[in-house]
Amino acid sequence: MRIVHVPLATRSYDIRIAPGLLARLGSECAALKLGRRCAVISDGRVAPRFANRARTALADSGFESVLITVPAGETSKSLASVQRCFDQLAAHRLERKSFVVALGGGVIGDLAGFVAATYLRGIPFVQVPTTLLAQVDSSVGGKVGVNLKAGKNLVGAFYQPRLVLCDLDTLKTLPPREYRAGLAEVIKYGIIYDEAMFRRLERDLPKLLRRDPKILADIIARCCEIKAEVVAEDENEGGLRAILNFGHTIGHALEAISHYGQYLHGEAISIGQVAATRLSARTAGLPLSHVQRITELFRRAGLPVGVNLTAAQRKGLHQAMRLDKKVSQGEMHFVLARKIGRVEYGRKISPALLEETLKTLNH
Ligand SMILES: NC(=O)c1ccc[n+]([C@@H]2O[C@H](COP(=O)([O-])OP(=O)(O)OC[C@H]3O[C@@H](n4cnc5c(N)ncnc54)[C@H](O)[C@@H]3O)[C@@H](O)[C@H]2O)c1
Ligand SMILES: [Zn+2]
């Protein structure tokens, strides 16, 4: 088993990564000295596969669990779902020492984490992420929350889990498209922080695409380590944490103009990262050979690296970017790469250069 420690003073916790961890959920929670009652929050696709295993493990260690299931998909990340979860927690008399287990992808982690952060002003929660994206990204770092009609993640909190259990076996049933979308975040860590990991991805991509457990364990652990290091440095997102948004300003805008229908998040940020890479070559000295390597790796991972946008769509994209919550006082700041493994944040980019770059994405 690999263990990544997230050092946040009294809010420190471990991420454990191995096959078969779901069977150890009960004993791991017992070691945390949590109360006897808990709620497992999951979705309609994940619960039928894994909820029994999770609840049996909890029962074996003396925990009493209630299962709360919401429909699969982004629409469950809503205040209406939060309300339904609260009602069930209250109906089952969960108290201050009780805890929440988030069993699912990023949607469930964000929703259940927000429920845990706010019910009774905060009860402990444990993350059991079951998508690649959730294992390398959303379950680490403590951002929890839900969407409003006005936009994604507009209501939330910083609230750290007590433990993250990444059971590699759960990834076996993940649909290929969801798996590849997770790889877009994995590749991102290589670009922003770790040239050696990027090289390993170039070399071992076929094994990774086959979901080889040994490679998966190494890569997921390294991604968690990187996110943990960045978050430990900047827990509340004042500075360094911005580097995690490489490719995300354009990616989020693409998601927004397609009304979150056409692209999975990972697909949108694959295109966003290719665009950010090209901006980097123009303004941050990123060598063209690195632009090629980055684009090629996304392509080999089965991710989109271009998009045909009409002039009107590009205009919409500029507008969506200005609305992005990371834009302050109307100025667009980008994370740009100087070379693979090294980025800088807070770079201003002119609308004209952005427009020129977006045009190059047409294929
Ligand atoms: N908190 C953060 O820091 C952070 C970071 C990145 C993303 N996010 C959020 O994460 C969410 C996206 O997460 P996601 O990509 O995991 O999406 P998701 O939770 O919707 O999961 C994707 C799909 O896969 C299904 N699924 C999950 N695990 C499965 C498994 N093991 N086998 C078969 N099917 C499975 C789900 O039911 C769902 O249909 C977004 O809401 C995003 O805003 C949060
Ligand atoms: Zn992302």
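Read on for a plain summary of the structure. (Residues numbered from 1 in each chain as written. Chains lettered and ligands numbered in written order. Predicted model: local features only at pLDDT ≥ 70, side-chain atom pairs only at ≥ 80, totals over all residues. Heavy atoms only, no water.)

**Overview of the coordination of the zinc ion (ligand 2)**
In an ideal tetrahedron of four donors about a metal, each angle is 109.5 degrees. In an ideal octahedron of six donors, the angles are 90 or 180 degrees.
Alright, step 1. Within the protein, the atoms that donate to the zinc ion (ligand 2) are E185 (OE), H248 (NE2) and H265 (NE2), at distances of 2.0 to 2.1 Å.
Alright, step 2. For the zinc ion (ligand 2), all donor residues lie on one chain, and their spacing in sequence is E-x62-H-x16-H. Taken together, the residues span a long stretch of sequence, with E185 in helix α6 (residues 176–193) and H248 in helix α9 (residues 248–257) at a distance of 63 residues.
Alright, step 3. Taking relative accessible area as the criterion, H248 reaches 5% and is therefore assigned buried. (Donors = N, O, S within 2.8 Å, 3.2 Å for Na, K, Ca; no water. Helix = DSSP H or I, 4+ residues; strand = E, 2+ residues; numbered from the N terminus. Buried < 20%, exposed > 50% of the residue type's maximum accessible area, 1.4 Å probe, protein only.)

**Examining the site of ligand 1**
Alright, step 1. Around ligand 1 lies a shell of 26 residues, among which R45, G106, T130, T131 and T173 are the nearest.
Alright, step 2. Measuring from a nitrogen atom of ligand 1, one finds a backbone N or O atom of K143 at 2.8 Å.
Alright, step 3. Between T170 and ligand 1, the recorded distance is 2.8 Å, taken from a backbone N or O atom to a nitrogen atom. (Near = heavy atom within 4 Å. Polar contact = N/O pair within 3.5 Å; in protein donor to acceptor, adjacent residues only side chain to side chain.)

**A few points about the side chain of D110**
Alright, step 1. Here D110 shows up in helix α4 (residues 106–118).
Alright, step 2. For D110, the residues in contact, after removing those within four places along its chain, are K77, S138, K143, V144, G145 and N153. (Contact = heavy atoms within 4.5 Å.)

**Looking at unusual backbone geometry**
Alright, step 1. Phi is positive for L120, which is not a glycine, with a value near 50°.
Alright, step 2. If you trace the backbone, L120 turns up in the loop between α4 and β6 (125–129).
Alright, step 3. Of note, the phi angle at N153 is positive, near 55°, even though the residue is not glycine.
Alright, step 4. With respect to the helices, strands and loops of the structure, N153 is situated in strand β8 (residues 151–158).

**Observations concerning the packing of helix α12 (residues 311–323) against helix α13 (residues 351–359)**
Alright, step 1. With their axes 11 Å apart at the nearest point, α12 and α13 run at an angle of 130° to one another. Comparing the axis directions of α12 and α13 gives the class oblique. α12 and α13 meet at a crossing whose hand is right-handed. Within the contact between the two elements, α12 uses R314, L317, H318 and M321 and α13 uses P351, L354, E355, L358 and K359.
Alright, step 2. Here the contact of α12 with α13 is composed, by residue class, of five nonpolar, one polar and three charged. (Axes fitted to C-alpha atoms, helices over the stretch in contact; angles between N-to-C directions. Parallel < 35°, antiparallel > 145°, perpendicular 65-115°, else oblique. Left-handed = near helix turned anticlockwise from the far one by under 90°. Nonpolar A, V, L, I, M, F, W, Y, C, P; charged D, E, K, R; others polar.)

**Section: the sheet that holds strand β9 (residues 163–167)**
Alright, step 1. Ordered by their spatial adjacency, seven strands build an open sheet running β1-β2-β9-β6-β5-β3-β4, and the pairing between neighbours is mixed. Every interior strand has two partners, whereas the edge strands, β1 (2–6) and β4 (64–70), have only one. Adjacent strand axes in the sheet meet at a mean angle of 15° when their direction is disregarded.
Alright, step 2. In the sheet, strand β3 (residues 37–43) pairs with strand β5 (residues 99–104) via five bridges, with the strands oriented parallel. Across the sheet, residue V40 finds its bridge partner in β5, namely V101. (Pairing = 2+ DSSP bridges.)

**Some thoughts on the packing of aromatic side chains**
Alright, step 1. By the definition in use, this model includes three aromatic pairs.
Alright, step 2. For the ring pair F63 and F99, a centre distance of 5.3 Å and an interplane angle of 85° mean the geometry is edge-to-face. Within this pair, whereas F63 is found in the loop between α2 (47–60) and β4, its partner F99 is found in strand β5, the two being separated by 36 residues in sequence. Neither residue differs from the other here; F63 and F99 are each classed as buried.
Alright, step 3. Between K188 and the ring centre of Y189, over which it is positioned, the NZ or CZ distance is 5.2 Å.
Alright, step 4. Looking at R211, its charged tip hangs above the ring of Y179, at a distance of 4.3 Å from the centre. (Phe/Tyr/Trp six-rings, centres within 6.5 Å; stacked < 30°, edge-to-face > 60°. Lys NZ or Arg CZ within 6 Å of the ring centre and 35° of its normal.)

On their own, these measurements won't tell you what the molecule is for.
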